[in-house]
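Listed here are the chains, written in short residue letters.
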Amino acid sequence: MATSSITPPSVSRRQLLKGGMALGTAAALAPAWATAWGQSSGPGGEHGNIYANGIEEGPEVSLAIRRESIPIDGQPARPISINGSSPGPLVRLREGQDAVLRVTNLLDEPTSIHWHGLILPAEMDGVPGLSFAGIAPGETFTYRFPVRQNGTYWYHSHSGLQEQLGHAGPLIIDAAEPEPFSYDREHVLLLTDWTFESPMTVFRNLKIAEGYYNHQERTVADFFADVRDKGFAATAEMRSMWARMRMSSRDIADVTGSTYTYLINGHSPGDNWTALFKAGEKVRLRVINGSAMSYFDVRIPGLTMTVVAADGQPVQPVPVDEFRIGVAETYDVLVTPDSDLAYTIFAETMDRSGYALATLAPRQGMRGQIPERRRIADRGMEAMGAHDMDGMDHSGMDGMDHSGMDGMDHSGMDGMDHSGMDGMDHSSMSGMDHGAMGGMAAEREVVNTNGMLAAGQAQPGSRYDQAGIGIDPGERRVLVYRDLMALTPWPDRRAPGRELELHLTGNMERYMWSFDGRKFSEVTGPIHFAKDERLRLILINDTMMEHPIHLHGMWMELENGHGELIPRKHTLNVKPGERVSALITADAEGSWAFHCHLLYHMEAGMFRVVQVA
Amino acid sequence: MNNRIPGLTIGAILVMTTFSVAQAEDGYDVPADWPAPMVEHNTGMVLFDRLEYSMPDKGEQAIVWDLQAWYGGDINRVYLKSEGENVQADGEDAEFESLELRYSRLIADFWELQGGVGYQGGVFSDDHEERTYGVMGLQGTMPWLIEVDGALQVSDEGDIALSLEGEYDLRVTQRLYLQPRTEISVAGSEVEEFGVGKGLNSVKVGARLRYEITRRFAPYIGAWWEKQYGDTADFSRATGDATEDTGVVAGVRLMF
């Protein structure tokens with residue numbers, strides 16, 4: 001039970017309302033931390049005064065949650081605001097502080113704030129029903145926890161669908177010790193997806209009609225284009241396979257640009273939010289995907305981005321031209337714009353239905369070129385590639401019934417071969433008749449003596465060397481999970497004592513999402529971790545969509561093949577058909593949320609409780 | 001009105017309800033007054049799959065509807081289904097060809113097994129013959145994305161009828177859909193007052209071209225061909241009706 005208590009607001013509601021309104025008019029429509037000059041700081045640097053209003057500096061911070069009218073993309077909207085802006089202010093803490101965060105609920109429904117990625121006591125985690133009772137209307141809850149880490153994180157509501165209404169904000173923890181890289185200036189780029197529909201309407205639409213928001217489905221014209229490119233036989237085979245499965249190969253995003261306006265720091269592409277720099281400066285961009293449902297591919301044409309941190313944790317620098325950021329992930333990148341030019345920060349959604357845009361420029365009022373948009377890609381065989389037939393039978397690979405599997409005979413595979421599935425040669429194809437999908441079964445024999453893979457070794461069936469759907473690796477350097485390496489090994493270097501396997505499952509047609517085929521409402525009891533045990537969590541994605549899987553309270557060390565230099569994350573993107581594993585040190589006692597961070601997947605049941613005892 | 005409901009249907013409903021969903025049992029320690037971390041909501045919708053004005057070549061013009069509404073969770077739902085028409089210029093009120101209340105359960109990823117009761121007859125009047133029946137249905141999506149809705153009706157007189165509908169959406173553009181559609185009716189016994197003969201009654205084939213202005217509002221135009229067979233055709237001949245007809249339709253698909 002929470003040690004902290006719910007206290008009446010220290011300021012009266014009227015005062016808060018007045019304060020909120022004053023802020024609303026003064027800071028106009030944007031979160032104040034999104035000030036153009038950002039933070040001219042860096043290790044030992046001075047905090048710019050120009051920015052002071054925009055930040056809620058720790059260790060003591062008060063946040064007021066309200067629903068108010070704030071235009072978005074120039075249109076009337078009623079988001080949830082935090083201290084008068086939506087998304088909320090930058091909460092800036094320092095490693096080693098004892099944070100005291102007072103959150104006052106001025107909504108007419110319960111709310112909460114979850115500090116995403118923070119290692120803290122379970123009762124401070126902010127999940128109603130697990131960590132605490134939630135914050136009732138009119139009440140203030142005081143979060144108190146020691147800050148034991150540093151880096152780029154974020155915070156958001158964990159109550160219902162409030163996150164979709166902009167109830168989120170960036171959270172930065174300054175390091176106690178110098179960071180392993182330096183920079184002259186920093187900017188926060190918080191990516192969100194805004195809809196003028198109510199979140200409940202969006203959820204209902206997903207429930208009542210499959211593909212409600214997808215206006216990039218395949219048409220007759222696509223069929224003929226494929227026939228032209230790949231020949232009739234290959235096209236017919238591929239299309240018939242998808243049709244037999246009753247699925248859409250264009251199902252890349254459930255909620256798309258047909259309802260979403262994609263925002264950076266609360267600003268639409270039309271707003272052209274501008275982050276300023278002086279030529280030659282090294283700029284740190286703290287990129288946070290705070291959206292409800294949207295994966296973004298982020299690039300700044302003309303600049304190489306050096307990834308220096310993932311999910312707040314430092315990694316060995318990786319120079320890239322583009323990176324995909326799953327929902328709830330964060331990446332810190334360094335760029336050095338040395339020309340007096342405007343650069344476009346371009347965040348295209350994974351399904352190519354839209355983009356968020358900001359400008360990195362030496363002066364206000366400049367615009368870079370908007371890059372050419374890519375077309376939506378079709379999912380191919382890799383979407384179902386990582387599991388063998390047994391896996392399909394037992395895990396209830398949704399939509400793949402026996403009749404569908406029968407259809408996957410050798411002739412069908414020929415068709416696949418022609419459609420350009422590299423790495424799938426004929427010999428492994430014929431293996432499919434006997435139950436092995438792809439060449440995965442053979443690889444699985446790489447085990448150590450006790451029957452488990454060595455710690456840090458990549459699971460067969462993982463695709464850490466691929467960025468995912470819609471990315472052409474030949475086009476530019478794109479970050480992949482394989483690139484992520486910790487700077488130094490993390491403290492717990494024990495091998496896992498056991499493996500825990502969870503399948504990511506769903507029924508797209510009904511919009512049911514689950515772990516191991518059971519929604520949260522259908523499971524009895526939590527997933528048990530023994531206190532201080534070291535275990536391996538294996539996530540097997542049986543669905544045809546990406547899922548960003550988030551574990552509260554503990555790090556997940558991503559076993560991407562780098563042995564001791566295993567990177568650690570709070571959110572793992574698991575691609576369709578992929579098998580991903582992470583090592584976990586279960587050192588955080590209590591009940592923790594474990595869920596898909598796609599908001600409507602979580603709402604539809606893709607949620608579990610992990611109990612560490 | 002006779003309310004003898006065939007035992008078959010009641011039995012089926014009972015069998016289906018015995019698989020009711022087990023309630024979540026929270027195995028972690030939280031105070032009783034805390035809310036559940038995730039709450040499941042029921043959903044519902046109303047779909048006029050067809051709401052159209054039909055202009056047959058030989059028969060009478062009519063307003064035709066094909067409605068289904070449901071409410072419930074992911075597995076268990078209650079359906080209200082109705083098909084019917086109001087033949088214009090016949091001086092009679094509209095007629096429910098079917099008005100059904102069904103309990104529905106998801107039995108496989110793409111399939112719902114349904115059971116319930118139905119009524120056939122006048123909407124507000126005694127203009128039409130009436131009967132009640134029990135109905136069992138299987139509704140879902142076949143491989144190849146063909147939507148099917150099959151129903152077995154057993155009337156209060158013990159007459160058995162089988163109907164099967166299938167439709168497919170061919171996406172011409174992101175908003176323009178060509179929807180071929182077929183309906184087959186078979187009866188196990190003759191019911192003269194409803195013009196039903198034994199065996200294959202009729203086959204109806206049509207195609208509709210629909211433009212989705214929004215997902216919820218999609219006007220369409222279409223054409224159909226229908227042919228009656230066997231005794232059913234004889235009944236029509238006896239009343240001077242055509243046994244084979246074609247027609248065009250204009251209508252709207254509505255979703256709420």
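Everything numeric here is computed off the predicted structure, so don't read it as measured data.

A. Structural detail: the pattern of salt bridges. All names here are of chain A. Tallied over the full model, the rule gives 60 salt bridges over all chains. For the salt bridge of Arg 250 with Asp 378, the shortest nitrogen-to-oxygen distance reads 3.1 Å. Note that Arg 250 is positioned in the loop between α4 (232-245) and β12 (260-264) and Asp 378 in the loop between β21 (355-361) and α5 (389-395), a separation of 128 residues in sequence. Arg 250 gets classed as buried once you look at its relative accessible area, which sits at 4%.

B. Broad picture of the interface of chain A and chain B. Listed as interface residues are 51 residues of chain A and, on the opposing side, 46 residues of chain B. Here chain A and chain B share an interface that buries about 4,300 Å² over both sides, 57% of which is from carbon and sulfur atoms. Three residues stand out in chain A for area buried against chain B, namely His 215, Arg 246 and Arg 510 of chain A, and they jointly supply 18% of the buried area on that side. Taken together, the links from chain A to chain B amount to 4 salt bridges. Where Lys 519 of chain A meets Glu 40 of chain B, a salt bridge forms, and the shortest distance between an N and an O atom there is 2.8 Å. Counting the contacts that link chain A with chain B gives 21 residue pairs in polar contact (both at pLDDT 80 or more). Among the elements of the structure, α2 (199-208), α4, α10 (599-603) and β32 (607-612) of chain A are those that each provide at least two residues to the side of chain A that touches chain B. In terms of residue count, the dominant contributor to the side of chain A that touches chain B is α2 of chain A (6 residues). For the side of chain A that touches chain B, the per-class residue count stands at 21 nonpolar, 18 polar and 12 charged.

C. Summary view of α2 of chain A. Of all the 10 residues making up α2 of chain A, 7 are buried; the element is thus mostly covered by neighbouring parts of the structure. Those residues of α2 of chain A that sit buried are Pro 199, Val 202, Phe 203, Asn 205, Leu 206, Lys 207 and Ile 208 of chain A. On its buried face, α2 of chain A sits against β11 (185-195) and α10 of chain A together with β1 (43-56), β2 (62-72) and β13 (244-255) of chain B.

D. Highlighting the packing of aromatic side chains. This structure, assessed with the given rule, holds 22 aromatic pairs over all chains. Between the aromatic rings of Trp 115 of chain A and Phe 145 of chain A, the centroid separation amounts to 6.4 Å while the plane-to-plane angle is 50°, which identifies the pairing as tilted. Within this pair, whereas Trp 115 of chain A is found in strand β7 (residues 114-116), its partner Phe 145 of chain A is found in strand β8 (residues 140-146), the two being separated by 30 residues in sequence. Of the two residues examined, Trp 115 of chain A and Phe 145 of chain A, each falls in the buried class. Aromatic side chains Tyr 262 of chain A and Phe 296 of chain A sit 5.6 Å apart centroid to centroid with 90° between the ring planes, which places their arrangement in the edge-to-face category. Separated by 34 residues along the polypeptide, Tyr 262 of chain A in strand β12 and Phe 296 of chain A in strand β15 (residues 296-299) bring together distant segments of the chain. There is no split in this pair, since Tyr 262 of chain A and Phe 296 of chain A are both buried. Of the aromatic side chains, those joined through ring pairs into one cluster are Trp 115, Phe 132, Phe 141, Tyr 143, Phe 145 and Tyr 155 of chain A. In this structure, Arg 131 of chain B packs its charged tip against the face of Phe 194 of chain B, placed 4.2 Å from the ring centre. A cation sits over an aromatic face here: Arg 210 of chain B above Tyr 177 of chain B, 4.5 Å from the ring centre.

E. Geometry of the sheet that holds strand β27 (residues 556-558) of chain A. All names here are of chain A. Strand order in the open sheet formed by 6 strands is β23-β22-β25-β30-β27-β28, with mixed pairing between adjacent strands. Whereas interior strands pair on both sides, the edge strands pair on one side only; in this sheet they are β23 (512-515) and β28 (568-569). With 7 bridges joining them, strand β25 (residues 534-541) and strand β30 (residues 579-585) adopt antiparallel strand pairing. From the neighbouring strand, Leu 535 faces β30, where its bridge partner is Ile 584.

F. Spatial organisation of the sheet that holds strand β14 (residues 283-289) of chain A. All names here are of chain A. In space, the 6 strands of this open sheet follow the order β12-β11-β14-β19-β16-β17, with mixed pairing throughout. Either end of the sheet is taken by a strand with one partner, and the two such strands are β12 and β17 (313-320). Recorded for the sheet is a direction-independent mean angle of 20° between the axes of neighbouring strands. Of the pairings in the sheet, the one linking β11 to β12 comprises 5 bridges and is antiparallel in character. Residue pairing for β12: Thr 192 is matched across the bridge by Leu 263.

G. Highlighting the nonpolar core. Residue and element names in this part refer to chain A. With 147 residues, the main nonpolar core has Trp 115, Tyr 143, Phe 145, Phe 529, Met 554 and Tyr 600 as its most contacted residues. It is β11 that contributes the most residues to this core, 5 residues altogether. Met 554 has contacts with Ile 119, Phe 529, Ile 584, Thr 585, Ala 586, Asp 587, Ala 588, Trp 592, Val 610 and Val 612, leaving out every residue within four places of it along the chain. Among the nonpolar cores identified, the runner-up in size contains 8 residues, and Met 238, Met 247, Met 381 and Met 544 belong to it.

H. Broad picture of helix α2 (residues 230-238) of chain B. Residues and elements named next belong to chain B. Here α2 has its buried residues at Thr 232, Ala 233, Phe 235 and Ser 236. Relative to the axis of α2, the buried residues are bounded by an arc of 155° and lie together on one face. Set apart from the buried face of α2 by more than 90 degrees, the exposed residues are Arg 237 and Ala 238. Buried-residue contacts for α2 involve β11 (199-211) and β12 (217-228).

I. Seen up close, the packing of helix α3 (residues 220-230) of chain A against α4 of chain A. All names here are of chain A. Close contact between α3 and α4 brings their axes to 7 Å; oriented N to C, the two are set at 135°. The orientation of α3 relative to α4 falls into the category oblique. Contact residues: α3 offers Phe 223, Asp 226, Val 227 and Lys 230, while α4 offers Phe 232, Ala 234, Thr 235 and Arg 239. Classifying every residue of the contact of α3 with α4 gives 4 nonpolar, 1 polar and 3 charged.

J. Focus on a nonpolar patch on the surface. Residues and elements named next belong to chain B. A cluster of nonpolar residues, Leu 145, Tyr 168, Leu 170, Val 172, Leu 178, Leu 209 and Ile 221, forms a patch on the protein surface that exposes about 500 Å² of accessible area. Inspection of the secondary structure assignment puts Ile 221 in strand β12. Among the residues examined, Ile 221 registers a relative accessible area of 53% and is labelled exposed.

Each value, and the rule that gives it
- Along every chain, residues carry numbers that run from 1 in the direction the sequence is written.
- Here chains are named by letter from A upward and ligands by number from 1 upward, in the order in which they appear as written.
- Given that this is a predicted model, residues contribute local features only at a pLDDT of at least 70 and side-chain atom pairs are listed and counted only at 80 or more, while totals for whole chains, interfaces and linings are drawn from all residues.
- With hydrogens and water excluded, all non-hydrogen atoms of the structure serve as input to the side-chain values.
- Salt bridges are identified by distance alone: a Lys or Arg side-chain nitrogen within 4 Å of an Asp or Glu carboxyl oxygen.
- Secondary structure follows DSSP: runs of H or I at least 4 residues long count as helices, runs of E at least 2 residues long count as strands, and numbering of each begins at the N terminus.
- The buried label goes to any residue with under 20% of its type's maximum accessible area, the exposed label to any with over 50%, and the partly exposed label to all in between, with areas taken from a 1.4 Å probe on protein chains only.
- Note on contacts: a residue pair qualifies if any of its non-hydrogen atoms lie within 4.5 Å across the two residues.
- Buried area is calculated as the accessible area (1.4 Å probe) missing from two parts once they are joined, with the contributions of both summed.
- Whenever two N or O atoms come within 3.5 Å, that pair is a polar contact, provided that in protein one can donate a hydrogen and the other can accept it, and provided that, for residues adjacent in sequence, both atoms are side-chain atoms.
- Residues are sorted three ways: Asp, Glu, Lys and Arg are charged, Ala, Val, Leu, Ile, Met, Phe, Trp, Tyr, Cys and Pro are nonpolar, and all the rest, Gly among them, are polar.
- Any pair of Phe, Tyr and Trp rings, taking the six-membered ring for Trp, is counted once the centres come within 6.5 Å. Such a pair is stacked with planes under 30 degrees apart, edge-to-face with planes over 60 apart, and tilted for the rest.
- Only Lys NZ and Arg CZ are tested; either one counts as a charge over a ring when it is within 6 Å of the ring centre and within 35 degrees of the ring normal.
- Any two strands between which DSSP finds at least two bridges are classified as paired.
- Working convention: axes come from line fits to C-alpha atoms, limited for helices to the stretch in contact. Angles between N-to-C directions cover 0 to 180 degrees.
- By convention a nonpolar core is built from buried Ala, Val, Leu, Ile, Met, Phe, Trp, Tyr and Cys residues, the set being connected through side-chain atoms within 4.5 Å.
- Note: the arc covers the axis-to-C-beta directions of the helix.
- Every angle not falling under 35 degrees, over 145, or within 65 to 115 is termed oblique; those three ranges are roughly parallel, roughly antiparallel and roughly perpendicular.
- Patch members must show over 30% relative accessible area and no salt bridge, and they are joined within 9 Å when carrying like charges or within 5 Å when they are nonpolar side chains of Val, Leu, Ile, Met, Phe, Trp or Tyr.
- Each accessible area is a Shrake-Rupley result for a 1.4 Å probe, and residues are judged covered by the shown protein chains and nothing else.

Functional significance is not addressed by these values, which are geometric in nature.
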